[in-house]
Amino acid sequence: MRFGRIATPEGMTFAVIDEAATTARAIAGTPFTDPEFTGKEWKLEEVRLLAPTLPSKIVAVGRNYADHVKEVFQQTADDLPPTIFIKPPTAVVGPGAPIRIPKFATRVEFEGELALVIGVPCKNVKADQWKSVVRGVTIINDVSSRDLQFSDGQWARAKGMDTFAPLGPWIETDLERFNFDSLPIKAHLTHEGETATKQDSNSDQMIKSIGEIVEWVSESFTLLPGDVIATGSPAGTAEMVPGDVIEIEIPGIGSLTNPVARA
């Protein structure tokens with residue numbers, strides 16, 4: 001099942017999106033309970049997709065792909081192992097919403113990543129039990145201001161600014177349809193009318209597996225329904241500037257597209 005959050009002529013609501021991504025059926029509650037349909041239905045082209053969850057926090061794993069560690073930090077993953085950081089909920093925007101770059105951020109890059117959406121309150125989850133607490137998966141763009149990331153010495157401002165966490169297009173709850181040990185991840189950047197594939201990688205390059213990530217994160221943080229875990233970025237990240245468009249694609253989920261604008 002696919003859960004989305006949509007803006008309709010009547011307001012905002014959670015909805016179930018059909019497999020063909022043509023219809024949105026409104027539900028009375030949230031994606032974290034069994035759906036209760038209201039009877040209202042729209043063609044997807046008649047509504048606007050919003051970020052599919054409103055997390056209390058985004059817990060992100062940095063340096064979880066060895067090739068990305070080398071391209072960004074110019075060191076090996078042995079010297080710089082994976083780390084955890086948090087992006088605030090105010091960084092979240094949905095599909096199609098602009099990523100707004102402030103003038104003081106002088107080198108901003110995209111990072112296309114697989115994201116987990118937590119379904120139940122949980123703490124100290126064992127790696128082999130991760131599916132019991134994850135409601136579904138979606139796509140996140142871990143937008144990062146590299147200049148601030150290195151000059152600040154920590155990542156809160158560089159990765160946590162408003163609009164720096166595009167999320168969507170929906171939550172795919174059928175976890176069994178995925179081979180999480182070999183899941184393609186791509187990012188396509190359109191600059192001055194020319195589109196180039198920048199990230200073209202696979203989750204088989206992860207240092208920590210999904211189960212290990214959930215165990216590691218939940219040792220420190222109580223996770224709540226709707227919270228997001230970003231599982232790390234593969235290599236191929238690149239600068240984006242106002243006027244560009246970035247699309248992140250993961251088979252089985254879909255694609256997340258956002259224009260880039262000046263704040």
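Residues numbered from 1 in each chain as written. Predicted model: local features only at pLDDT ≥ 70, side-chain atom pairs only at ≥ 80, totals over all residues. Heavy atoms only, no water.

J.: What am I meant to see in the environment of Phe 73 here?
T.: Tracing the backbone shows Phe 73 in helix α1 (residues 66–73). Overall, the relative accessible area of 15% leaves Phe 73 in the buried class. C-alpha of Phe 73 to C-alpha of Arg 48: the two residues are 25 residues apart in sequence and 38 Å apart in space. Aside from chain neighbours lying at most four places away, what touches Phe 73 is Arg 63, His 68, Leu 80, Gln 149, Phe 150 and Trp 155. (Helix = DSSP H or I, 4+ residues; strand = E, 2+ residues; numbered from the N terminus. Buried < 20%, exposed > 50% of the residue type's maximum accessible area, 1.4 Å probe, protein only. Contact = heavy atoms within 4.5 Å.)

J.: I tried to follow the nonpolar core on my own but got confused; where do I start?
T.: It is characteristic of soluble globular proteins that their nonpolar side chains tend to be buried jointly. By size, the foremost hydrophobic cluster in this structure holds 55 residues, and its most contacted members are Phe 180 and Met 240. Element by element, the count of residues in this core is highest for helix α4 (residues 210–220), at 4 residues. (Core = buried A, V, L, I, M, F, W, Y, C linked by side-chain atoms within 4.5 Å.)

J.: Just checking my understanding: could you explain the packing of aromatic side chains for this structure?
T.: We describe a pair of aromatic rings using the distance from one ring centre to the other and the angle between the two ring planes. Evaluation of the coordinates by the stated rule reveals 5 aromatic pairs. For the ring pair Trp 130 and Phe 180, a centre distance of 5.4 Å and an interplane angle of 85° mean the geometry is edge-to-face. Taken as a pair, Trp 130 in the loop between β11 (112–118) and β12 (134–141) and Phe 180 in the loop between β14 (165–172) and β15 (184–191) lie far apart in primary sequence, 50 residues in all. Taking the relative accessible area as the measure of exposure, Trp 130 reaches 10% and is therefore buried. Residue class for Phe 180 comes out buried when judged on its relative accessible area of 10%. On the basis of an interplanar angle of 35° and a centroid distance of 5.3 Å, the ring pair of Phe 178 and Phe 180 is categorised as tilted. (Phe/Tyr/Trp six-rings, centres within 6.5 Å; stacked < 30°, edge-to-face > 60°.)

J.: Is there a simple way to explain α4 in this structure?
T.: Every α-helical turn comprises 3.6 residues, leaving residues that sit three or four positions apart pointing alike. Every buried residue of α4 is listed here: Ile 210, Gly 211, Ile 213, Val 214, Val 217 and Ser 218. The arc that holds the buried residues of α4, viewed along the axis, is 160°, so those residues lie on one side. Its buried side turned inward, α4 meets β6 (58–62), β7 (83–87), β11 and β17 (228–230). (Arc of directions from axis to C-beta.)

J.: Could you clarify how one ought to interpret the pattern of salt bridges in this entry?
T.: Enumeration according to the criterion identifies 14 salt bridges in this entry. With a shortest N-O distance of 3.2 Å, Arg 2 and Glu 172 are connected by a salt bridge. Of this pair, Arg 2 sits in strand β1 (residues 2–8) while Glu 172 sits in strand β14, and the two are 170 residues apart along the sequence. There is no split in this pair, since Arg 2 and Glu 172 are both buried. In this structure, Glu 239 engages Arg 107 in a salt bridge whose closest nitrogen and oxygen atoms are separated by 3.0 Å. Taken together, the positions of Glu 239 in the loop between β17 and β18 (245–250) and Arg 107 in the loop between β9 (99–101) and β10 (108–109) put the pair 132 residues apart, joining distant regions of the chain. The class for Glu 239 is partly exposed, based on a relative accessible area of 30%. In this structure Arg 107 comes out as partly exposed when scored by relative accessible area, which is 37%. (Salt bridge = Lys/Arg side-chain N within 4 Å of Asp/Glu carboxyl O.)

J.: Could you clarify how one ought to interpret the sheet that holds strand β19 (residues 254–262) in this entry?
T.: Strand-to-strand pairing in sheets goes through backbone hydrogen bonds, with the strands running parallel or antiparallel. Pairing in this open sheet of 5 strands is mixed, and the strands run β9-β19-β18-β15-β16 from one edge to the other. Edge strands, defined here as strands with exactly one partner in the open sheet, are β9 and β16 (194–202). Strand-to-strand twist in this sheet, taken as the mean axis angle between neighbours without regard to direction, amounts to 20°. Sheet topology note: the β15/β16 ladder contains 8 bridges and is antiparallel. Considered in β16, the bridge of Ile 185 is made with Ser 201. (Pairing = 2+ DSSP bridges. Axes fitted to C-alpha atoms, helices over the stretch in contact; angles between N-to-C directions.)

J.: Help me out: how do you make sense of the UniProt feature "domain: Fumarylacetoacetase-like C-terminal" (unreviewed entry) in the chain in this one?
T.: The sites that UniProt annotates as "domain: Fumarylacetoacetase-like C-terminal" (unreviewed entry) are residues 57–260. Helix and strand shares over residues 57–260 are 15% and 37% respectively, and the end C-alpha atoms of the span are 23 Å apart. (UniProt positions renumbered as here; feature names shortened; annotations may be inferred.)

J.: Which parts of the structure should I look at to understand unusual backbone geometry?
T.: In this chain, Gly 168 is followed by Pro 169 through a cis amide linkage whose omega measures 5°. Mapped onto the fold, Pro 169 is located in strand β14. Even without being a glycine, Ala 21 presents a positive backbone phi close to 55°. Here Ala 21 lies in the loop between β2 (11–17) and β3 (23–27). Even without a glycine there, the phi angle at Glu 192 is positive, about 50°.

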